Amino acid sequence: MIGKQRNGVDASGYPLRKEGLRKRPRVNEVIIQSVLFFAGFFSIFTTLGIVYELGKEALLFFRTPEVNLWNFLTGTSWQPHINQFGILPLVTSTFITSAIAMTIAIPLGLAAAVYLSEYATEKVRKTLKPILEVLAGIPTIVYGYFALMFVTPLLRSIFGRDVVEIYNMASGGLVMGVLILPLVASMSEDALNAVPRALREAAYGLGATKLEVALKVVFPAALSGIAAAIIVGISRAVGETMIVAVAVGAGPNFTFNPFRGAETMTGHIVRMSGGDLSYDSIDYNSIFAIGLVLFFITLTLNIISQRIVRRFREVYE
Amino acid sequence: MDTLDNNRYVIQARNLGIYYGDFKAVTDVNMDIERNKITAIIGPSGCGKSTLLRAFNRMNELVPGSRAEGQVFFDGEDLYAKGVDPVEVRHRIGMVFQKPNPFPKSIYENIAWGARIHGYRGNMDELVERSLRQAALWDEVKDILHRSGLALSGGQQQRLCIARAIAVQPEVILMDEPASALDPIATLKIEELMQDLKKDYTIVIVTHNMQQAARVSDYTAMMMLVNDGSRSGTVIEFGETTKIFTRPSDKRTEDYVTGRFG
Amino acid sequence: MSASSPAPLGPFQDNLPHRHRVGAVWQWIFFSATVIGIFVLSALLLNIIDGAFGYVALEARVDPDTLAVNGVPLEELPKEELIRILQERLSASAFNKLNDEKPFEERSQANVYDLVIERVVKYQVLETWSLWESLTRSAEIRARVAEEFPQAELRFVSWLTVETIRRPQSSEAVNAGVRTAILGSLWTIMITIVVAFPLGVGAAIYLEEYARDDWLNRLIRTNINNLAGVPSIIYGILGLAIFVRALERLTSGAMFGLVDPTTANGRTVLSAGLTLALLILPLIIINAQEAIRAVPQSLRKASLGIGATKWQTIWAHVLPNALPGILTGTILAVSRAIGETAPLVVVGASTAISFDPNLFSRFTTLPIQIYQWTSRPQGEWRHLAAAAILILLTLLLSLNATAIVLRNRFTKRF
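Residues numbered from 1 in each chain as written. Chains lettered and ligands numbered in written order. Predicted model: local features only at pLDDT ≥ 70, side-chain atom pairs only at ≥ 80, totals over all residues. Heavy atoms only, no water.

Chemist: So what exactly am I meant to see when it comes to the interface of chain C and chain A here?
Modeler: The figure often quoted for interface size is the accessible area lost as the parts come together. The interface of chain C with chain A comprises 73 residues on the first partner and 76 residues on the second. Summed over both sides, the interface of chain C with chain A buries roughly 6700 Å², with 75% coming from carbon and sulfur. It is C:Phe30, C:Ile237 and C:Arg245 that lose the most area in chain C upon contact with chain A, and together they represent 10% of the buried surface on that side. Counting every contact that joins chain C to chain A gives three salt bridges. (Contact = heavy atoms within 4.5 Å. Buried area = accessible area lost by both parts, 1.4 Å probe. Salt bridge = Lys/Arg side-chain N within 4 Å of Asp/Glu carboxyl O.)

Chemist: It is not clear to me how unusual backbone geometry should be interpreted in this structure. Could you clarify?
Modeler: Excluding glycine, a negative phi dihedral is what most residues carry, and trans is how most peptide bonds are arranged. Residues and elements named next belong to chain A. If you check the backbone angles, Asp280 has positive phi at about 65 degrees while not being a glycine. Structurally, the position occupied by Asp280 is in the loop between helix H11 (265-274) and helix H12 (282-316). A residue is classified by how much of its surface remains accessible, and Asp280, at 48% relative accessible area, is partly exposed. (Helix = DSSP H or I, 4+ residues; strand = E, 2+ residues; numbered from the N terminus. Buried < 20%, exposed > 50% of the residue type's maximum accessible area, 1.4 Å probe, protein only.)

Chemist: Is there a simple way to explain the packing of helix H5 (residues 140-159) of chain A against helix H6 (residues 169-193) of chain A in this structure?
Modeler: To characterise two packed helices, one gives the angle between the axes of the helices and the distance between these axes. All names here are of chain A. Contact pair H5 / H6: the axes reach a minimum separation of 9 Å and the direction vectors enclose 130 degrees. The orientation of H5 relative to H6 falls into the category oblique. H5 and H6 meet at a crossing whose hand is right-handed. Contacts from Thr140, Tyr143, Phe146, Ala147, Val151, Thr152 and Leu155 of H5 reach H6 at Ala170, Ser171, Leu174, Val175, Val178 and Leu179. (Axes fitted to C-alpha atoms, helices over the stretch in contact; angles between N-to-C directions. Parallel < 35°, antiparallel > 145°, perpendicular 65-115°, else oblique. Left-handed = near helix turned anticlockwise from the far one by under 90°.)

Chemist: What should I look at first to understand the pattern of salt bridges in this one?
Modeler: Between side chains of opposite charge, a pair can form when the charged atoms approach closely. Applying the stated rule across the entire model yields 45 salt bridges over all chains. A salt bridge links A:Glu122 to A:Arg125, with the nearest nitrogen and oxygen atoms 3.9 Å apart. Residue A:Glu122 and its partner A:Arg125 are located together in helix H4 (residues 122-137), separated by three residues, close to a single helical turn. When its relative accessible area of 22% is taken as the criterion, A:Arg125 is described as partly exposed. A salt bridge links B:Lys243 to B:Glu237; the shortest N-O distance between them is 3.8 Å. Among the charged side chains, a salt-bridge network with shared partners connects A:Glu53, A:Lys56, A:Glu57, A:Asp280 and C:Arg245.

Chemist: What exactly am I supposed to notice about the sheet that holds strand E3 (residues 153-158) of chain C here?
Modeler: Hydrogen bonds between backbone atoms are what pair the strands of a sheet, whose relative direction is either parallel or antiparallel. Residue and element names in this part refer to chain C. The three strands lie next to each other as E2-E1-E3, forming an open sheet whose pairing is antiparallel. Strands with a single pairing partner mark the edges of an open sheet, and in this sheet they are strand E2 (123-128) and E3. Direction aside, neighbouring strands of the sheet carry axes that sit 40 degrees apart on average. The sheet contact formed by strand E1 (residues 53-60) and E3 spans six bridges and is antiparallel. The partner of Leu58 across the bridge, within E3, is Glu153. Sheet contacts for helix H1 (residues 16-52): E1 and E3; angle to E1, the most-contacted strand, approximately 25 degrees. On the sheet, helix H6 (residues 138-148) packs against E1, E2 and E3 and is oriented at approximately 10 degrees with respect to E1. (Pairing = 2+ DSSP bridges.)

Chemist: Sorry if this is basic, but what is going on with the interface of chain B and chain C here?
Modeler: If you look at the interface, chain B gives 23 residues, while chain C gives 18 residues. For the chain B and chain C pair, buried surface summed over both sides reaches about 1600 Å², with 69% attributable to carbon and sulfur atoms. By the criterion of area lost to chain C, the three top residues of chain B are B:Phe103, B:Pro104 and B:Trp113, representing 30% of everything that side buries. At the junction of chain B with chain C, the criterion picks out zero salt bridges. Where chain B packs against chain C, one counts four residue pairs in polar contact (both at pLDDT 80 or more). When contributions to the side of chain B that touches chain C are tallied by element, the ones reaching two or more residues are helix H2 (86-92), strand E6 (93-96), helix H3 (107-117) and helix H6 (154-167) of chain B. Grouping the constituent residues of the side of chain B that touches chain C by class yields 14 nonpolar, five polar and four charged. (Polar contact = N/O pair within 3.5 Å; in protein donor to acceptor, adjacent residues only side chain to side chain. Nonpolar A, V, L, I, M, F, W, Y, C, P; charged D, E, K, R; others polar.)

Chemist: So what exactly am I meant to see when it comes to the packing of aromatic side chains here?
Modeler: Enumeration over the complete set of coordinates arrives at 29 aromatic pairs over all chains. Look at A:Phe159 and A:Phe259: their rings are 4.8 Å apart centre to centre, the planes differ by 40 degrees, and that puts the pair in the tilted class. Of this pair, A:Phe159 sits in helix H5 while A:Phe259 sits in the loop between helix H10 (242-247) and H11; the two residues are 100 residues apart in sequence, bridging distant segments of the chain. A:Phe259 gets classed as buried once you look at its relative accessible area, which sits at 17%. A connected cluster of aromatic rings, assembled from ring pairs, spans A:Phe37, A:Phe38, A:Phe41, A:Phe42, A:Phe45 and C:Tyr206. A cation sits over an aromatic face here: C:Arg376 above C:Trp381, 4.2 Å from the ring centre. (Phe/Tyr/Trp six-rings, centres within 6.5 Å; stacked < 30°, edge-to-face > 60°. Lys NZ or Arg CZ within 6 Å of the ring centre and 35° of its normal.)

It is worth stressing that arrangement in space is one thing and function is another; only the former is reported here.
In structure tokens form, the structure reads like this:
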């Protein structure tokens, strides 16, 4: 046979089996598993950190005598230097810019998704999809530049310089729509693709046209996935920062006119922290309070979208 | 309960039941697997053949929520006793799968890797050659040992998987429909190979092909769903292959082997 | 049966031509929507290129031609002559200060020439034009400059040059560059990768290979999905509270006695890198999970079936086969981090840095620089921002291309 008899090694070259099937101590396996568990658990700390820090500083904010919760939630003026802390102007501008963004992103994104999933040949799809992905990968600050340097001048030349302010919600919202378009398109396309072939074939077999199959069979079947895509899009719009910081304005403004400047929640946080913020000042605490509101809005939207996606999966898998 | 004889029998299952969650896939199996013999497990699809086979080296544990009750004695030691290391179990009781699954590494590495993790300190080249020879693959691959295992044909891949299992020197090799993905010629080669391997190893094979079971095995276990609506399977008849195929004692076995089964 | 005269449609009013027409219209609509996306992308790129080149009207405080010696133009003068010019034109204290920063003997000719341009010639930007304006209204621009700024020199410049990359930040747009910003980005991203990659891949291995389906692991999974959707600015706030403030002793370097005199607080490269690491951690985990999941189960069974332990199986078979996917996902996550601006503003990026950063120094990054330059009202800074965007996009495109090549090279192995 092979191998010479050596200490602890049997004739075949393998270590002698002393302990039968008994478990051998495998210390490194245990250590590795613990390290990996820590890595997996780590993200819980991030969440706890977010909730704890936002909560703690926000609490300090609400404890200061100048602030009360009712005025915070219903006040229409945010002027920290004269102790007015009503979050509504920040919230309305956030929702106006997001609404403008979604009126761009939803129809265009869904149409692009239907085109890519139902109409485009494999070759066209392989060219167009990466382009949309590139669009999604461009840093938002670049979109901010684009909004300020291209879209704003364009709007001003169309609607008149005295109608459209240099910093305005429309420009930021439109560009944000372009930013979110690829996200909505690619998530919706995934949902459309997940609709089983058999369903399409059934409809074609009845003599439906391509459009009828796409709009009346596939689209409704993918509706929950599409809804999830839209909600994620909204959440993204609400949290988007650099476009609004560059193009929308530098002061809170309670207005519903999209051509006027205003400041969103994110834009305000960026402007406040851009200066040297001293710890424990009311300004410092206020950005945590705004951050907390932002966090809960986006978290709620994300949870809803995940719920929808999960239900959707159960139907088709 | 009958007595354990671990000189004659390498694996002895006692009241073995296997659950996936609340579903009991296999129930109440008692069978003794004789050393250096080939034992076939046959039966209609979905009756738990693969599940039973995997219970013999605790591979079924990889399915989340699965558990076993009863005992499986291997050389007299209960595989499911506390403190038994499933890793060690799988070292001693190897497995060949339905679909050939070589590692995406070289042919040589496919065999050497297993030996290395088990602390093999002999001559690796010799071991690789010997394992490939035993698997009747050496002549076909001796010049391409450093090519990827995935470059081989399906039948060659399956023999490579057998060589890989042999290389760690198990006592038992479990084969889960090893030829079902292969063409007839490759199947024939695997069957011949099994006859050669029987000298050194005990083989348990699951097959849905009754002719194959009749051709290769010494013993045959017939599995069926228990007739109580629970959808769990059990061994309804176990004995020498010639007897099972010529004079079955159970009517259901007779129906199945003669092709009268639904 | 008895259909003697076949009624064409019977009870059906099929109207197929109309249905096909509607279909064609909608197909056109769907297609245009997709094209609009591409159109906007081109508009965006053109807009940036439009800003990165064009005419500039410059006025020099001292005409460089008058500094020529014996007919040798300024840029070709030897170093000694250039030093002499500096000595003559600058105050003694300013001259000595330059010498203190770096002795003149050690400076190159090019460097001293830059100093002469910056300190003596002192170009002032009077007005700038975009590429489109420069190309289409060239004559008009020349006439206006001749009329309004008779002293000025009209030059066609590229704001993106090798010099732009080489030079540090400066108070004059014509002399400013992105060197410190690029170095800041690289430092930051290095820390981000060092922290987020092992942690993210480790978490993915745990979740895919070890975690059972119990409440704790479900919580971890849901939590990671939620974290991926948290706006980046929230991470900035977290970084401000944790890394900049609570861990100031660590992130300022005080713990190691390495405090950078220019900072002496937690608003450092290290804090920025750690903040971005938290930001991309969920992305890396999710991408790595997908890559690990794509490794066929048969491979794991093969390895476990010959008695390998779990970790041996993961290390020898799962990870090598998941690696291309993991790397692709990581590159995509890292390019997201490279482009991030908002969290770094909150963490406390500096407005102007003219020195090369290190781990514990104040920081700026490429996107931060773009943000600050875009926010300035003077046109010349916006041109510089366009140039910086081109650099940033080139960097990101090459990263993405690498990711795509990786993905294509290693897919379809099974």
